[in-house]
Amino acid sequence: MADDDFSKLLQQAEQLTTEIEGNEELPRVERSLGQVLEASHELYSRVIQSGANDIQAHLLFGSKGIDLQQISQKLETLSSKRTFEPLQPIADSDVESFLKNERENAILSLIDEVNKNSLQTTEDQKWEHMLSEWNKEKSKLMNAMIGPSQNWLDLKRTPEPPSIADAPKKFGHSMLDNIEAAYAHQVHQYNKLVFQGSKSRTVLHQKFGQVAEDLNDMKVREMWEIIKTMANIPALVRDEDPLKARGNPAIQQSLIAQGKKYLEKRYKQYMSDVVRANPAAAMRGGEPGTYPLVRGFVGLRFQGQNSQGLADGVIDDRPLWPMIYYCLRSGDAIAALHCLCKAGRDHEEFISALEEHIRSPEKALSDKLQTAINFQYRIQVRNSTDPYKRAVYCIIGSCDVSDEHSEVARTADDYLWLKLSIIKSRPNNEPEPFTYSDLQKLILEEYGETHYHAYEKPLVYFQVLTLTGQFEPAIEFLSRIPRYQVHGVHMALALHDVNMLGTPRNVQAPLLSVDTDDPNPLRRLNLARLLLLYVRKFELSDPSDALHYYFFLRNLKDPSGKNLFMCCCTDLALESRDYELLFGRMDPVTGLCSPGLLDQFNNPHIDSKVIALNVAEQLVNKGLFEDAITVYDIAGNMEKVLELFCVLLAQVVNSGGGATGLRQRLSLLAEHVSTRLRYADTTALPAALMEAYTKLCKLMTFFDQFHNENYEGALETLRECELVPLNASELEARVSMSRSARGELLRSLPAVLRAVCTILLAQRQRLRTAHAHNVPAHTNKQIEWLREQAEVLNTFAGNIAYRMPGDTYSQLAQMQILMH
């Protein structure tokens, strides 16, 4: 059985051998058994030492013709450990080793310094970016703060304003609607009077009120009427803080009187409308005055069962105390006294109190009368069924400040008038039972927006705040209602114009904030933030209007102490990038700048040239050198213009450029700058800077000629440039010049030398071709000149104190070799 197996195995081996020998594509490989055994042992040992992964790697790289083992040996010879190892100490007499160590020390210190500077620059840029992003987020958070009394933030995402990169420099149409345009026109007219120094200009609330009169919106008219009424108080001192002035008792009494005056005037108009609508039932008659009007109104109000529970009889068929109350409510205390006198002799003490009230409505009654009225109130009136009698006693004698008089004060106007009426100043610093601050806290904090359904009835909430002297929260509330935002902004400007608007110390404060030094519940409105949020909508499409609004911020400072108007103008210029519109255009011949929009705002504290310098500085920080050159030119700083020009020219001087490329734009700008220098006084400009600018401009021409293969013209231009030597006699002077040349000029040297190499080699090739065609022998002198020129350039490159790229040195050496 074993013999059969071996015979079968032998037949298979012979068959396999025949198949191998019959394959002509592969050469036959003969190995002895010993060689096969040795190869298998070697392969096994390699697998054991390096693992199967290395074998697979060898097979993979070997299939691509890569000897992995050889590469590994080469990598092992490389080591970075010795690169930054400390240098070995050497003997003082070993000059060669000393110089070698010094050279290596210099290289290592330079590498280390560059590494540290790079890390520091990266770190600074990272933090600068993070700070900028945080400032933007902080601004959004500040804008979202609805008020200090509500400790919450509205973080609803608002659409981001369009990016400047996406927006055109000029819009074709205005972004102002009719109402905004009307207000903006009044702002223009007002500012023109300010520019002229006019002392008799109309106050802003009159101008803006006229805009409201032209609108078909009764609510807006009422709002402006309230503002005009409350602003009609004795002029406040400009240098005094408005909120501190508002704490003055005299100013408070003026605000209270104006608030009552508006409510009384409005209610009298309401009574007239009611009586006019029902003349037969009112039976007023034709007699003018408050008394007949009140008699007719009370006759309509108290018909049938409505007169039940009223005390002390009637006068002229009308209940007594309602007549007195409505006379007071309409602002005519004398008519109320007439009613009381008609009632007979039972009210002598109250008649005296009313007479004293007529003489000094803002003051409390004298002690004698106050005691008598309070006594009557406690004994008789407090429990009376006549609510009007109770209300009149509280108004005249401030008997019970806690009584809400809900049966009489049925509207917010009535309630507010009653509360204002019971606030009386007392002599000798006696404590007041109910103060103006108490009323303000009651309206703003205890009741607030929820009680008054502010968003459903914005006029009511605005009215109760404004008539109690709380202008700041009232305007902040309007700014949150899109329909009234534009009016709220201009109300803030109108009040600021008469120094009645409280603003924070820091322009970065929230829109509405609390200052710990202010009495509760006064708030401060950030006018700068309110105005900038409003102007942001149209500042790019209507820059002239935006500047006139910014002008209201001229007396404010940013956190760094800069004029806020100038800061806003700087930001607008950076956003719009329409520098000629804002600053004017510089005439290169006369050196005069045409008027820009900002020139009209110039005064001892505002200078458009300073704004231009600020804009240019910001543009340099942003890397917008082209724009910075234009703005520095407008500002008259030619040194900065040339510095930036040299920086840009050094980057593109050797490129081919294009119709819309940077090089082409710089060529056009260079014509303007060169004309400016030709007619301007350049004695104050650094000589090295002027030389660098002039030579870089000539190099622009040189490279234009070089790219157009105008080699003769290019060499002539280069000779005029006096940057590189074109013969041996110029070598020393050019090397000396390179030591004092500016860096921008030296950075262009490698490109210039490579271009000269190309020109000289092209000329050498042309001469060889001419020599092959038996051209006259003077070509030998030209070839000799080319050889000399190649040697001069190599010598120049080796002697200047500027290390050029290695390929430049190689190209110069190769050129010198090819010249022979």
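The structure displayed is predicted, hence computed values, not measured ones.

K.L.:
When you look at the overall build of the chain in this model, what are you seeing that I'm missing?
P.N.:
Across its full length, the chain carries 37 helices and four strands. Taking all contacts inside the chain whose residues are at least 6 apart in sequence as the whole, residues at least 24 apart take part in 61%. For the chain, the accessible surface area stands at approximately 45400 Å², while carbon and sulfur atoms represent 52% of it.

K.L.:
Any chance you could explain helix 27 (residues 608-622) here in plain terms?
P.N.:
Given 3.6 residues to a turn, an α-helix orients residues that are three or four positions apart in the same direction. With 15 residues, helix 27 should cover 21 Å at 1.5 Å per step; its first-to-last C-alpha distance of 21 Å lies within 8% of that length. What helix 27 keeps buried is the set Ser608, Ile611, Ala612, Val615, Ala616 and Leu619. Down the axis of helix 27, the sector holding all buried residues measures 140°, keeping them to one side. One side-chain oxygen of the residue at the start of helix 27 lies 3.0 Å from the amide nitrogen of Lys609, identifying that residue as Asp607. Gly623 sits one or two residues past helix 27 and shows a positive phi near 85°.

K.L.:
Can you help me understand the packing of aromatic side chains in this one?
P.N.:
Where two aromatic rings form a pair, the distance of their centres and the angle of their planes describe that pair. A complete count under the given rule lists 33 aromatic pairs for this structure. Note on Tyr447 and Tyr452: the rings are 6.1 Å apart at their centroids and 80° apart in plane angle, and the pair reads as edge-to-face. What makes Tyr447 partly exposed here is its relative accessible area of 25%. Ring centres of Phe551 and Phe565 lie 5.7 Å apart, and the angle between their planes is 85°; on these two criteria the pair is classed as edge-to-face. A residue pair is termed long-range when its members are at least 10 positions apart, and Phe551 in the loop between helix 24 (543-550) and helix 25 (564-576) and Phe565 in helix 25 qualify at 14 residues. The same class applies to Phe551 as to Phe565, namely buried.

K.L.:
I keep staring at the pattern of salt bridges and nothing clicks. Help me out?
P.N.:
Where charged atoms of side chains with opposite charge meet at close range, the side chains can pair. Evaluation of the coordinates by the stated rule reveals 31 salt bridges. Arg390 is the partner of Glu407 in a salt bridge, and the nearest nitrogen-oxygen pair spans 3.1 Å. Placement of Glu407 in the loop between helix 17 (387-397) and helix 18 (412-421) and of Arg390 in helix 17 is noted, with a sequence separation of 17 residues between them. Given a relative accessible area of 44%, Glu407 falls into the partly exposed group. Judged by relative accessible area, which is 14%, Arg390 ranks as buried. Beyond isolated ion pairs, a larger network of salt bridges with shared partners links Asp241, Arg505, Asp515, Asp517, Asp518 and Arg524.

K.L.:
Could you clarify how one ought to interpret the environment of Arg734 in this entry?
P.N.:
With respect to the element layout, Arg734 can be found in helix 33 (residues 731-740). Separated by 12 residues in the primary sequence, Arg734 and Glu722 have C-alpha atoms spaced 7.3 Å apart. Leave out the neighbours within four places in its chain, and Arg734 touches Glu722, Leu723, Val724, Pro725 and Phe796.

K.L.:
Would you take a moment to explain a nonpolar patch on the surface for this structure?
P.N.:
On the surface, Val95, Phe98 and Leu99 cluster together into a nonpolar patch covering about 300 Å² of accessible area. With respect to the helices and strands, the residue Phe98 is situated in helix 5 (residues 95-144). Relative accessible area serves as the criterion here: at 42%, Phe98 is assigned to the partly exposed category.

K.L.:
Just to check I follow, could you spell out unusual backbone geometry for this structure?
P.N.:
A negative phi holds for most residues other than glycine; trans holds for most peptide bonds. The amide bond that connects Asn520 to the next residue, Pro521, takes the cis arrangement and shows omega of 10°. Within the secondary structure, Pro521 is located in the loop between strand 3 (512-513) and strand 4 (524-525). Although it is not a glycine, His453 adopts a positive phi angle of roughly 50°. As for its placement among the helices and strands, His453 is situated in the loop between helix 19 (436-451) and helix 20 (458-466). For His453, a relative accessible area of 45% corresponds to the partly exposed category. Phi is positive for Asn499, close to 60°, though the residue is something other than glycine. Mapped onto the elements of the fold, Asn499 is located in the loop between helix 22 (482-497) and strand 3.

Reading the values: the criteria
- Residues numbered from 1 in each chain as written.
- Predicted model: local features only at pLDDT ≥ 70, side-chain atom pairs only at ≥ 80, totals over all residues.
- Heavy atoms only, no water.
- Helix = DSSP H or I, 4+ residues; strand = E, 2+ residues; numbered from the N terminus.
- Contact = heavy atoms within 4.5 Å.
- Areas by Shrake-Rupley, 256 points an atom, 1.4 Å probe, with all protein chains shown as cover.
- Expected span 1.5 Å × (residues − 1).
- Buried < 20%, exposed > 50% of the residue type's maximum accessible area, 1.4 Å probe, protein only.
- Arc of directions from axis to C-beta.
- Polar contact = N/O pair within 3.5 Å; in protein donor to acceptor, adjacent residues only side chain to side chain.
- Phe/Tyr/Trp six-rings, centres within 6.5 Å; stacked < 30°, edge-to-face > 60°.
- Salt bridge = Lys/Arg side-chain N within 4 Å of Asp/Glu carboxyl O.
- Patch = residues over 30% accessible without salt bridge, like charges linked within 9 Å, V, L, I, M, F, W, Y side chains within 5 Å.

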